[in-house]
Amino acid sequence: MMILNDKKLVNLIKYTPSIVVGFFAITVNIIIIKDNQDKARESIKSLREDIIETNKNAVKQSTNKASNYIIYKKEMVIDGLKTLSQQRVNEAYAIATNIYNNNQNKPQTAVTKLITDALRPIRFYEGRGYFFIFQMNGINVLHGLKPELEGSSAWDAKDLRGSYILREHINLIKQQNGEAFYHWWYPKPGEALKKEYEKIGFGKYFAPYDWFIGTGEYISDIENDLKISLLKSVIDFEHFENENLFIIDDQGNLLANESKDTQLAFLINSNSTITEKIATKAQLEGNFITLNDATLNEDGNDRTEIGYIRRIKDWNWIVGSYFNSSNVNNYIKIKQQETNSLNQKKLFNIILLSIFSTLFMVGISLIVSNLIARRFHRIEHNIHALEASKSKLHHMALHDALTGLPNRILLLEKIYEGIESADIHHQQVAIVFIDIDDFKKVNDCHGHSAGDELLISICEKFKHAFESKDTISRFGGDEFVFCFPQLNNLNEAYLKVAQIQQLFDEKFIVNGREIMTQCSIGVSMYPSDDSQPEGLIRKADIVLYKSKAELKGSATFYNYQLNEQIQYKYLLEAELRVALENEEIFLLYQPQIDTKTQQIIAVEALARWEHPKLGSISPDDFICIAEEIGIIKEIGLFVFRQACTDILSVSPAGKKAINVSINISQKQLMSPDFIESITQTTDEIGIERHRITLEITENVMLNELEKTYDILTELKKRSFCISLDDFGTGYSSLSYLNMLPFDEVKIDRCFVNNITISKQSKALIKSILAISDAYGMITVAEGVEKKEQLTMLHSLGCNLIQGYYFDKPLTLSTLHNTYLMQ
């Protein structure tokens with residue numbers, strides 16, 4: 001019996017620990033599982049609250065962003081209207097001034113008609129805006145909308161509040177140095193006469209004819225234009241996923257809506273009580289609203305929408321953004337299913353492990369713990385990877401891939417921030433647009449990889465040279481834009497520009513090579529030049545173009561006069577494109593006289609442009625523009641054909657036939673089809689080629705001397721004569737005479753002007769004549785205006801002269817009647 005009890009005790013000792021450990025292990029695991037389930041439920045609940053709160057903050061942020069933008073644009077209406085009115089009048093004033101300057105030899109009535117014809121058809125403000133011109137005594141000179149009022153007096157005209165509109169505006173212009181803004185009340189066309197609307201206008205005094213030029217616009221019309229624009233743009237503002245932005249009015253009418261889901265309660269057109277509820281609860285400072293329409297929950301899904309709404313003062317607009325809680329519930333259900341699945345797997349493992357002994361249980365528990373730890377570590381690692389990927393994508397969206405500098409999107413944000421800070425602290429913002437000069441040559445000579453390395457090297461200098469508050473952006477290619485905020489005066493902007501230029505004083509090391517470069521700079525300032533980031537960038541770009549055109553490596557600050565010049569040039573570019581088609585370009589001919597016989601030997605064909613509204617345009621202006629916009633070939637061929645046709649018509653072939661000199665531009669000469677085109681033209685017209693002298697200047701030969709030699713040699717083979725124009729004003733004229741097949745040399749007028757008073761000029765001309773004689777070339781002196789000049793040139797051996805001493809450039813008929821009828 002005792003033995004049995006010992007066996008029982010042994011068994012008890014043998015199995016009890018295992019049973020106890022197994023029971024204890026199972027109990028502990030059950031407790032752990034229950035605790036995990038409780039924590040999972042609490043975690044799901046907390047997750048839901050966090051997601052709801054995050055979404056609420058997101059819709060509030062989106063609503064405030066859209067509302068603040070609308071309020072900002074609304075508050076800028078009057079300032080914007082003033083700026084636009086002043087800008088339009090300044091443009092009209094520039095057109096009138098240019099027409100007056102180009103037509104001072106014409107009577108006032110003719111010039112007045114040119115000005116009014118030019119300004120009458122111009123419209124702006126969506127076609128509502130027009131120009132008017134009044135004499136300072138009240139007589140209407142131009143009324144762009146009602147021409148029947150022209151010639152009548154508006155001196156006694158009053159607005160609906162009894163103010164003398166014209167008198168008061170004229171007085172303000174006189175008091176404020178020739179230009180002034182003016183407010184008045186006036187009915188709108190097509191509406192009741194007793195209903196008045198406020199207008200804002202601007203007038204500028206035009207001194208030559210004692211006029212003032214002006215325009216005006218209704219504030220309400222500008223606000224309506226702004227509302228339409230805002231409804232199109234604000235609704236597309238960037239916002240979070242599963243978020244919908246909308247705008248309604250006080251009556252609950254939906255004005256703008258980003259969502260296309262007609263099942264959402266906020267957007268159901270048939271449920272007017274919902275939008276009315278939104279309208280009644282909206283406040284200026286903004287508030288949250290929760291809607292739960294029972295008709296939307298028939299399928300058992302909670303479709304409660306939570307939104308944030310805000311009222312826009314005076315406009316009766318309500319801006320809001322919302323999200324649907326059903327999206328949150330779906331996300332929570334997915335997380336809950338994942339948690340339940342994980343708990344079931346754990347329970348199965350615990351039951352299986354409880355069958356084995358304590359050692360196995362402990363070992364398996366450790367393994368499971370390690371597996372669980374590793375699993376959570378992997379999840380944590382994935383979360384960090386996702387965050388890093390998101391951060392990288394966000395950085396890529398706002399920065400340039402090559403240099404790492406902010407791109408245009410981030411630049412605009414920084415400019416907006418700089419403008420807001422400037423308004424608060426009464427400071428200025430400088431926008432500096434730079435372009436690397438001759439960057440294409442770096443790519444052509446050293447390869448595009450070297451060009452990229454140069455850009456990176458330049459950017460590194462930029463990054464270390466300026467303060468953290470300054471923004472440096474790569475705008476594209478070799479263009480960079482700087483935003484310098486918090487400037488107290490214009491001098492600080494000059495210092496920043498000088499700092500940029502100093503960075504280019506030293507050479508850059510690229511792939512072991514030293515590269516020297518410089519940059520051209522254009523600068524615009526807030527608030528003097530523009531109030532919007534895009535406008536500031538555009539105006540800085542405009543003056544950058546001016547810097548590159550005048551002197552590479554220089555810096556130009558935007559100003560009103562410069563803008564007038566550029567606008568006038570743009571106008572000339574547009575008009576020049578149709579000048580040939582409209583038969584506005586014609587030729588004059590200046591005689592070239594033999595110094596011995598004082599008989600006409602040849603003429604120089606000179607192109608002229610007479611615009612019906614702008615008057616006479618200088619050849620120095622329109623020839624350069626024609627080369628820039630790529631139509632010099634068409635104009636050059638027209639001049640060549642017309643000159644050959646005209647000269648043959650008044651001077652047929654024969655002993656006394658006169659020759660014609662025609663100027664050829666660089667781009668025209670270098671075009672692949674130039675030789676064939678003029679050869680074909682002379683064959684069609686029937687004029688002998690030896691009668692045609694092609695005048696070229698030294699700048700044609702500066703870059704492509706070898707190609708120039710081949711072209712001139714071929715022209716000589718085809719019997720054309722070649723003349724070197726403006727001889728002596730370049731850098732290497734003598735070497736050109738030795739290398740190129742010239743028949744004629746033209747002495748520039750700058751030497752002829754001083755021939756009778758300057759020993760140096762006389763000696764230079766004497767040397768030129770000796771050189772030309774040695775090479776067997778004809779010499780032509782330009783700009784001869786006095787008899788003393790003619791006498792001295794004749795005594796020195798000059799062959800031909802041209803200038804006002806004999807005649808100015810003549811029409812074909814005058815040339816024929818004066819010189820060829822004898």
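None of these values were measured; they are calculated from a predicted model.

K.L.:
I'm lost on the overall build of the protein in this one. Help?
P.N.:
Within the protein one finds 24 helices and 26 strands. Taking all 822 residues of the protein together, the buried fraction comes to 43%. Expressed as a percentage of contacts within the protein between residues at least 6 apart in sequence, the contacts between residues at least 24 apart total 63%. Surface summary for the protein: the accessible area is close to 43800 Å², and the carbon and sulfur share equals 54%.

K.L.:
Looking at this model, I keep getting lost on the side chain of glutamate 217. Mind explaining?
P.N.:
Checked against the element boundaries, glutamate 217 lands in strand 5 (residues 211-218). With a relative accessible area of 3%, glutamate 217 lands in the buried category. Of note is the side chain of glutamate 217, whose polar atom sits 2.7 Å from the side chain of arginine 128. Discounting residues that sit within four places of it in the chain, glutamate 217 has contacts with Leu81, Tyr125, Arg128, Glu198, Lys199, Ile200 and Ile222.

K.L.:
Explanation requested: the pattern of salt bridges in the structure shown.
P.N.:
Oppositely charged side chains can pair when the atoms bearing their charge come close. Here the structure, examined in full by the defined rule, presents 24 salt bridges. With a shortest N-O distance of 3.5 Å, glutamate 467 and lysine 496 are connected by a salt bridge. You can see glutamate 467 sitting in the loop between helix 11 (448-465) and strand 12 (471-476) and its partner lysine 496 sitting in helix 12 (residues 490-502), a full 29 residues away along the chain. Salt bridges sharing partners connect three or more residues here, namely Glu604, Glu695, Lys746 and Glu782.

K.L.:
Looking at this structure, how should I read the packing of aromatic side chains?
P.N.:
Pairs of aromatic rings are described using the distance from one ring centre to the other and the angle between the two planes. Applying the stated criterion to the full structure yields 25 aromatic pairs. Measuring from ring centre to ring centre gives 4.9 Å for phenylalanine 462 and phenylalanine 482, while their planes differ by 80 degrees; the resulting arrangement is edge-to-face. Remark: phenylalanine 482 occurs in strand 13 (residues 479-487) and phenylalanine 462 occurs in helix 11; sequence separation between them is 20 residues. Classification of phenylalanine 462 by relative accessible area gives buried; the value is 1%. Centre to centre, the rings of tryptophan 609 and phenylalanine 622 are 5.8 Å apart; their planes meet at 85 degrees, and the pair counts as edge-to-face. Here the residue tryptophan 609 occupies a position in strand 19 (residues 600-611), and phenylalanine 622 occupies one in helix 15 (residues 619-629), the gap between them amounting to 13 residues. Judged by relative accessible area, which is 1%, tryptophan 609 ranks as buried.

K.L.:
Sorry if this is basic, but what is going on with the nonpolar core here?
P.N.:
When a protein is soluble and globular, its nonpolar side chains tend to lie buried together. Formed by 107 residues in total, the largest nonpolar core has its most connected members in Ile115, Leu576, Ile662, Leu694, Leu715 and Phe742. The element contributing the most residues to this core is helix 16 (residues 632-650), with 7 residues. Beyond its immediate stretch of four places on either side in the chain, isoleucine 115 contacts Ala96, Ile99, Ile133, Phe206, Tyr209 and Trp211. Grouped together as the second largest cluster of nonpolar side chains are 32 residues, Leu454, Phe480, Phe484 and Met525 included.

K.L.:
What is the right way to read the sheet that holds strand 10 (residues 317-324) from this model?
P.N.:
Read from one edge of the open sheet, 5 strands run 7-6-10-9-8, paired in antiparallel fashion. Every interior strand has two partners, whereas the edge strands, strand 7 (254-257) and strand 8 (287-291), have only one. Going across the sheet, the axis of each strand differs from the next one's by a mean of 25 degrees, ignoring polarity. Relative to strand 10, strand 6 (residues 244-249) runs antiparallel, the two sharing 6 bridges. Each bridged residue has a counterpart across the sheet, and for isoleucine 247 the counterpart in strand 10 is valine 319. The sheet contacts of helix 5 (residues 219-233) involve strand 6, strand 7 and strand 10, and relative to strand 10 the element is tilted by about 5 degrees.

Calculation notes
- Residues numbered from 1 in each chain as written.
- Predicted model: local features only at pLDDT ≥ 70, side-chain atom pairs only at ≥ 80, totals over all residues.
- Heavy atoms only, no water.
- Helix = DSSP H or I, 4+ residues; strand = E, 2+ residues; numbered from the N terminus.
- Buried < 20%, exposed > 50% of the residue type's maximum accessible area, 1.4 Å probe, protein only.
- Contact = heavy atoms within 4.5 Å.
- Areas by Shrake-Rupley, 256 points an atom, 1.4 Å probe, with all protein chains shown as cover.
- Polar contact = N/O pair within 3.5 Å; in protein donor to acceptor, adjacent residues only side chain to side chain.
- Salt bridge = Lys/Arg side-chain N within 4 Å of Asp/Glu carboxyl O.
- Phe/Tyr/Trp six-rings, centres within 6.5 Å; stacked < 30°, edge-to-face > 60°.
- Core = buried A, V, L, I, M, F, W, Y, C linked by side-chain atoms within 4.5 Å.
- Pairing = 2+ DSSP bridges.
- Axes fitted to C-alpha atoms, helices over the stretch in contact; angles between N-to-C directions.

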